[in-house]
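# What the coordinates show
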There are 2 protein chains.
Amino acid sequence: MRPLLVLASCQMFGGELDDAINPAIGIELFHNFTLLHDDIMDEAPLRRGKETVYKKWDSNVAILAGDTMFALANKYMLRTRPQAVSPVMELFNQTAIEVCEGQQYDMDYEKQPNVSIPEYIKMIRLKTAVLLAASLKTGAIIAGAETADCNHIYDFGINIGLAFQIKDDLLDVYGELEKFGKVSGGDILAGKKTYLYLKTLEAAGPQSEDFRTLYSAHNIAGVEKVMKVKGIFNQLNIEQHTRQLIDDYYQKAIHDLSCISIPLEAMESLTEYTAGLMEREN
Amino acid sequence: MRPLLVLASCQMFGGELDDAINPAIGIELFHNFTLLHDDIMDEAPLRRGKETVYKKWDSNVAILAGDTMFALANKYMLRTRPQAVSPVMELFNQTAIEVCEGQQYDMDYEKQPNVSIPEYIKMIRLKTAVLLAASLKTGAIIAGAETADCNHIYDFGINIGLAFQIKDDLLDVYGELEKFGKVSGGDILAGKKTYLYLKTLEAAGPQSEDFRTLYSAHNIAGVEKVMKVKGIFNQLNIEQHTRQLIDDYYQKAIHDLSCISIPLEAMESLTEYTAGLMEREN
């Protein structure tokens, strides 16, 4: 997804794809480096259905392999149009700092009893949205787009990224699988502080403490817990609230695109791709 | 030491110190990032007399803080003369890959029963020497030195780095502290595979197995173990062998300098500084 955004943005602004292909690889390498280190921190046993690097070897190997991938990613980012090197590298490493900051907030929030919705939005902006935004802006810089356009496509990426991450939270509970009578709710079982959870705490008023106790309970069967939590989500219209927020960010993203100084037709493949992301129901 | 090498090299090749100051900071930041991650892997409790980051907080904080420092280091490296940006960044990230490779070899060798002297030299070249070499070459690139000179100063850095690291091994056992009747031998106590240890295995012939057993023994008092190991070093002239090897690398380094196309006087501060490093006896 991220390399595609680099290439789509470069093409849309009239750049040469040849100048964007190595930075696209660099961004994908960077993303995979963050997964390698995140898996150590989250003690995740599986990634894409396979054992994680730290499980298969050990955490030292995973730390060093990650560091090496980050250095290699930087080398790929360099291979572009000479005038684009400095701004691309500056954006890339600033984004890396922000992604690390997001991961630290994510870990902090898991331990912290109270997390506000603005805090949660800040965390997913840093952990997820900035890299999508930076992918798009990298393509734009390589194509030689004007500064204002580079910033509009970055803002578009932020808003799409937020919508995308909140949709992820939503689909864990209200995905298409539900239509076939299946219950997923992996986030509920893991006690993850998702947008749906935080919105429920906000909307539940005096019942919020009972909900908090249920959400962190380990003494009831998984299916029962998911059904009960979902029952409360339903009572409080959490699905509708969440879909509304996703749509708000999506509309902001569309507005960002409309500010760009190129014809809408030239942006078609990007708008189609992101509309597809927004429509997914599983 | 590393930032100083960047600046000294830049000045020696007639560059502007203002163009080198941020990359000098970047290299120091990078070096400290590697220490942060190394301390996790080596489970080191102390660094420069203070608790290590992973001990004071936890390894997740140390992983993320390190990642952030590496990204920040890349940002500092960018702040130089525009034409120098690409070669400086390429060298920097290639060096980072090599330093990680060196750390992996170091960890592998600690577990591996047999390590050859060439393997050990390769490891310290990657773990220590390449960063000193890259510091010097970075200064040269920033100053706009010719490619051949950039390569000679790099080779000088490799040879000085090897001499420096082997001297470190030597001084652990034959440092000035010895003159006051003190016994240091921290490497011996830790069972570290230093150059002195590997050279002894090579020179001990049929007794090498006994020496290996002694070196890894935990059932004798520390002072006794150090005295016994040192006794064997003395029998086999290990101090002389080691001083000879250090001098060989130092002579190679001096030869590398003599190939550089600038007058020897212009290199005085660098040669004085490195001669000082070579003369240290503690």
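Calculation criteria
Residues numbered from 1 in each chain as written. Chains lettered and ligands numbered in written order. Predicted model: local features only at pLDDT ≥ 70, side-chain atom pairs only at ≥ 80, totals over all residues. Heavy atoms only, no water. Helix = DSSP H or I, 4+ residues; strand = E, 2+ residues; numbered from the N terminus. Rg over C-alpha atoms; globule rule 2.2 N^0.38 Å. Buried < 20%, exposed > 50% of the residue type's maximum accessible area, 1.4 Å probe, protein only. Contact = heavy atoms within 4.5 Å. Areas by Shrake-Rupley, 256 points an atom, 1.4 Å probe, with all protein chains shown as cover. Lys, Arg positive; Asp, Glu negative; His and termini not counted. Charge placed at Lys NZ, Arg CZ, Asp CG, Glu CD. Least-squares fit on C-alpha atoms with pLDDT ≥ 70 in both. Phe/Tyr/Trp six-rings, centres within 6.5 Å; stacked < 30°, edge-to-face > 60°. Lys NZ or Arg CZ within 6 Å of the ring centre and 35° of its normal. Core = buried A, V, L, I, M, F, W, Y, C linked by side-chain atoms within 4.5 Å. Salt bridge = Lys/Arg side-chain N within 4 Å of Asp/Glu carboxyl O. Buried area = accessible area lost by both parts, 1.4 Å probe. Polar contact = N/O pair within 3.5 Å; in protein donor to acceptor, adjacent residues only side chain to side chain. Nonpolar A, V, L, I, M, F, W, Y, C, P; charged D, E, K, R; others polar. Axes fitted to C-alpha atoms, helices over the stretch in contact; angles between N-to-C directions. Parallel < 35°, antiparallel > 145°, perpendicular 65-115°, else oblique. Left-handed = near helix turned anticlockwise from the far one by under 90°.

### A word on the overall build of chain A
If you tally the helices and strands in chain A, you get 13 helices and two strands. Expected size for 282 residues packed as a compact globule is a radius of gyration near 19 Å; at 20 Å, chain A falls within 12% of this value. For chain A, the spread of C-alpha atoms along the principal axes amounts to about 60 × 45 × 35 Å. Counting every position in chain A, which comprises 282 residues, the buried fraction comes to 54%. Long-range pairs, those at least 24 residues apart, make up 72% of the contacts in chain A between residues at least 6 apart in sequence. When the accessible area of chain A is evaluated, it comes to approximately 12700 Å², of which 53% is carbon and sulfur surface. Each charge sign in chain A was given a centre, from 27 positive and 40 negative side chains, and these centres are 5 Å apart.

### Some remarks on the relation of the copies chain A and chain B
Once chain A has been moved 0.0 Å along the axis and rotated by 180°, it coincides with chain B to within an RMSD of 0.0 Å. The transformation relating the two chain copies, once decomposed into turn and shift, fits a two-fold axis. Looking at chain A, 100% of its interface residues are interface residues in chain B too, so the copies touch through the same face.

### Focus on the packing of aromatic side chains
Inspection of every chain in the model, using the stated rule, returns 21 aromatic pairs over all chains. Look at F211 of chain B and Y215 of chain B: their rings are 5.7 Å apart centre to centre, the planes differ by 45°, and that puts the pair in the tilted class. Taken as a pair, F211 of chain B and Y215 of chain B lie in helix α10 (residues 208–216) at a separation of four residues, close to a single helical turn. Y215 of chain B matches F211 of chain B in its accessibility class, with the two residues each being buried. Through a chain of ring-to-ring contacts, the aromatic side chains of F30, F33, F70 and F92 of chain A together with F30, F33, F70 and F92 of chain B assemble into a single cluster. Of note, R79 of chain A hangs over the ring of Y76 of chain A, and the distance from its end group to the ring centre comes to 5.1 Å. Above the ring of Y154 of chain A, the side-chain terminus of K137 of chain A is found at 5.6 Å from the ring centroid.

### Quick notes on the nonpolar core
Within soluble globular proteins, side chains that are nonpolar generally end up buried alongside one another. In terms of nonpolar packing, the biggest core is built from 170 residues, with I153 of chain A together with I153 of chain B touching the most fellow members. Of all the elements, helix α6 (residues 117–143) of chain B adds the most residues to this core, at 16 residues. In this view, I153 of chain A contacts S9, M12, F13, L136, K137, A140, L257, I260 and L270 of chain A; residues no more than four positions away in its chain are not counted. Counting residues in hydrophobic clusters, the runner-up holds 16 residues, among them M41, A62 and C100 of chain A together with Y54 of chain B.

### Details of the pattern of salt bridges
Tallied over the entire structure, the rule returns 22 salt bridges over all chains. Among the salt bridges present, the one from R79 of chain B reaches E90 of chain A, with a minimum N-O distance of 3.9 Å. Here R79 of chain B is found in the loop between α4 (59–78) and α5 (85–111), whereas its partner E90 of chain A is found in helix α5 (residues 85–111) on a different chain. We note a salt bridge from E281 of chain B to K167 of chain B, for which the minimum N-O separation is 3.4 Å. Remark: K167 of chain B occurs in helix α7 (residues 147–174) and E281 of chain B occurs in the segment after α13 (268–279); sequence separation between them is 114 residues. E281 of chain B gets classed as partly exposed once you look at its relative accessible area, which sits at 22%. On the accessibility criterion, K167 of chain B (5% relative accessible area) is buried. Look at the salt bridges and you will find they share partners, linking K167, E239, R243 and E281 of chain A into a network.

### A look at the interface of chain A and chain B
Contacts between the two partners involve 31 residues from chain A, matched on the other side by 31 residues from chain B. Buried surface at the junction of chain A and chain B, summed over both partners, amounts to about 2700 Å²; 68% is from carbon and sulfur atoms. At the junction of chain A with chain B, the criterion picks out four salt bridges. Connecting chain A to chain B are five residue pairs in polar contact (both at pLDDT 80 or more). Put simply, the parts of the chain that give the side of chain A that touches chain B at least two residues each are α2 (17–41), α4 (59–78) and α5 of chain A. The element that contributes the greatest number of residues to the side of chain A that touches chain B is α5 of chain A, accounting for 13 residues. Across the side of chain A that touches chain B, the residue classes break down as 16 nonpolar, nine polar and six charged.

### Focus on helix α9 (residues 195–203) of chain A
With seven of nine residues buried, α9 of chain A lies mostly within the body of the structure. Within α9 of chain A, burial applies to Y195, L196, Y197, L198, K199, T200 and L201 of chain A.

### Some points on the packing of helix α2 (residues 17–41) of chain B against α6 of chain B
Residues and elements named next belong to chain B. For the pair α2 and α6, the least separation of the axes is 9 Å and the interaxial angle reads 165°. Considered as vectors, α2 and α6 are oriented roughly antiparallel to each other. For α2 against α6, the interelement crossing comes out right-handed. Contacts between α2 and α6 involve D19, A20, P23, I27, F30, H31 and D38 from the first element and K127, L131, A134, S135, T138 and I142 from the second. The residue makeup of the contact of α2 with α6, split by class, is seven nonpolar, three polar and three charged.

### Notes on the packing of α2 of chain A against α5 of chain A
Residue and element names in this part refer to chain A. Contact pair α2 / α5: the axes reach a minimum separation of 12 Å and the direction vectors enclose 25°. Judged by the inter-axis angle, α2 sits roughly parallel to α5. Seen from above, α2 lies across α5 with right-handed handedness. Contacts from G26, I27, F30, T34, D38 and M41 in α2 reach F92, A96, V99, Q103 and M107 in α5.

Just geometry here; none of it tells us what the structure is for.
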